[in-house]
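As a plain string of letters, each chain reads:
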Amino acid sequence: MTGTRITALGHYQPAKVLTNDDLAGMVDTSDEWITSRVGIKTRSVAGPDEPVDELAAHAGAKALAAAGLVPADIDLVLVATSTAVDRSPNMAARVAARLSMASPAVLDINVVCAGFTHALAMADHTVRAGAASRALVIGADEMTAIADWTDRSTCVLMGDGAGAAVVEAVGPGESPGIGPVLWGSVPEMSTVVRIEGVPSRFAQDGQSVYRWAVTELPPVARRVCERAGVLPEELGAVVLHQANLRIIEPVARKIGAVNAVIARDVVESGNTSAASIPMALSKLVAKGEVASGAPALLFGFGGNLSYAGQVIRCP
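Observations concerning the overall build of the protein
Next up, step 1: When its secondary structure is counted, the protein shows 10 helices and 14 strands.
Next up, step 2: Whereas a compact globule of 315 residues would reach a radius of gyration of roughly 20 Å, the protein reaches 18 Å, a difference of no more than 12%.
Next up, step 3: In terms of overall dimensions, the protein has C-alpha extents of about 60 × 45 × 40 Å along its principal axes.
Next up, step 4: Of all 315 residues assigned to the protein, the portion counted as buried reaches 57%.

Things to note about the sheet that holds strand 8 (residues 182-185)
Next up, step 1: Strand order across the open sheet formed by 5 strands is 8-14-13-11-12, with mixed pairing between neighbours. Bordering the open sheet on either side are strand 8 and strand 12 (261-262), each of which pairs with just one other strand.
Next up, step 2: Pairing analysis gives 2 bridges linking strand 11 (residues 237-240) to strand 12, with the strands arranged parallel. Bridge pairing in strand 12 places Ala237 opposite Val261.
Next up, step 3: Across the sheet, helix 7 (residues 206-228) touches strand 8, strand 13 (295-302) and strand 14 (306-313), and the angle it forms with strand 13 is around 140°.

Points about helix 8 (residues 245-255)
In an α-helix, one turn spans 3.6 residues; hence positions three or four apart end up facing the same way.
Next up, step 1: Every buried residue of helix 8 is listed here: Leu245, Ile247, Ile248, Pro250, Val251, Ala252 and Ile255.
Next up, step 2: The inward-facing, buried residues of helix 8 contact helix 2 (31-38), helix 7, strand 11, strand 12, helix 9 (266-269) and strand 13.
Next up, step 3: If you check the start of helix 8, you find a side-chain oxygen 2.7 Å away from the backbone N of Arg246, and it comes from Asn244.
Next up, step 4: Just downstream of helix 8 lies Gly256, where phi reads positive at about 95°.

Overview of helix 3 (residues 52-67)
Next up, step 1: Between its first and last C-alpha atoms helix 3 spans 23 Å; for 16 residues at 1.5 Å apiece the expected length is 22 Å, and the two agree.
Next up, step 2: Along helix 3, the residues that are buried comprise Val52, Asp53, Glu54, Leu55, Ala56, Ala57, Ala59, Gly60, Ala63 and Leu64.
Next up, step 3: Contact partners of the buried residues in helix 3: strand 1 (4-12), helix 4 (91-98), strand 6 (134-142) and strand 7 (160-169).
Next up, step 4: Looking one or two residues beyond helix 3, the residue adopting positive phi is Gly68, at roughly 70°.

Rules and cut-offs
- Per chain, residue numbering runs from 1 following the sequence as it is written.
- In view of the model being predicted, local features appear only for residues whose pLDDT reaches at least 70, and side-chain atom pairs are presented and counted only at 80 or more, with totals across whole chains, interfaces and linings using the full set of residues.
- Hydrogen atoms and water are omitted, and side-chain values are computed over all heavy atoms in the structure.
- Counting from the N terminus, the helices are the DSSP runs of H or I reaching at least four residues and the strands are the DSSP runs of E reaching at least two.
- Values of the radius of gyration come from C-alpha atoms, whereas the globule rule sets the reference at 2.2 Å times the count of residues to the power 0.38.
- Relative accessibility decides the category of a residue: with a 1.4 Å probe and only protein chains considered, values under 20% of the type maximum give buried, values over 50% give exposed, and everything between is partly exposed.
- Note on pairing: DSSP must find at least two bridges between two strands before they are called paired.
- It only takes one pair of heavy atoms within 4.5 Å for two residues to be counted as in contact.
- An axis is simply a line fitted to the C-alpha atoms; with a helix, the fit covers only the stretch in contact. Between two such axes, the angle follows the N-to-C directions and lies from 0 to 180 degrees.
- Whenever two N or O atoms come within 3.5 Å, that pair is a polar contact, provided that in protein one can donate a hydrogen and the other can accept it, and provided that, for residues adjacent in sequence, both atoms are side-chain atoms.
- Each helix should span, by expectation, one fewer than its residue count multiplied by 1.5 Å.

What follows is the structure, given as structure tokens:
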């Protein structure tokens, strides 16, 4: 096998939408305060009867339908999430059961906001090695379930959702559609983003994350492009982790992707952690904002101060 590609995408968000004005009635904040600091206007919120695996299964089903596949065609399910409540059965197994799959391998990956790009790399490597033929890769999180609703600096960020991609081998003579991954972490700074305690709550040192992201990540993202043999100005889209518009826009500018569509789904969806990249990419493709076959930089970063990125060809 010479490589893999993403053949289809899908995304799903709960119906309930929480606006900035709604939040202003819950905590000391305002639409102006939130918009000026993070760029978020709305976010979706899952109800108590909508567990993470349900969101993931909806997104996965949409990706399968878009690919013209049935659940039995998938032999590997990878779910990136950091908001699973139970240890076993894991999210991937729950998704496989919801979709009535045959006998896939089922793995969860917890790299928080960089989870999807890590999972995509693992799917790419596994299919290339011949250990799987088709993979369903999902990022799904319910960040509102772990929000501290008394902390106005973090609760305004959170949103819920899921995004999915079908990964399979390219045909004979075809070029790979998923480029080499570049991944890593900053262990000595891993505690600046935390999901800890019982019940688990999200907390972060926002200034440390912001400084690290806007100064350290652009050169890393450019190296991702170099590994893929793509110049930044050749990119058709840049899909960064949707954490904060004040991070997304300067990082994208410093990468030098002057001709790319920049994903800004954070404005309407908030920070959905592992769901943010596949959800934003799926929306760009569904709306026709990026052409089929166009190179897109996917770059996740955040929890553990980890990062992972690759250039893919849009389905």
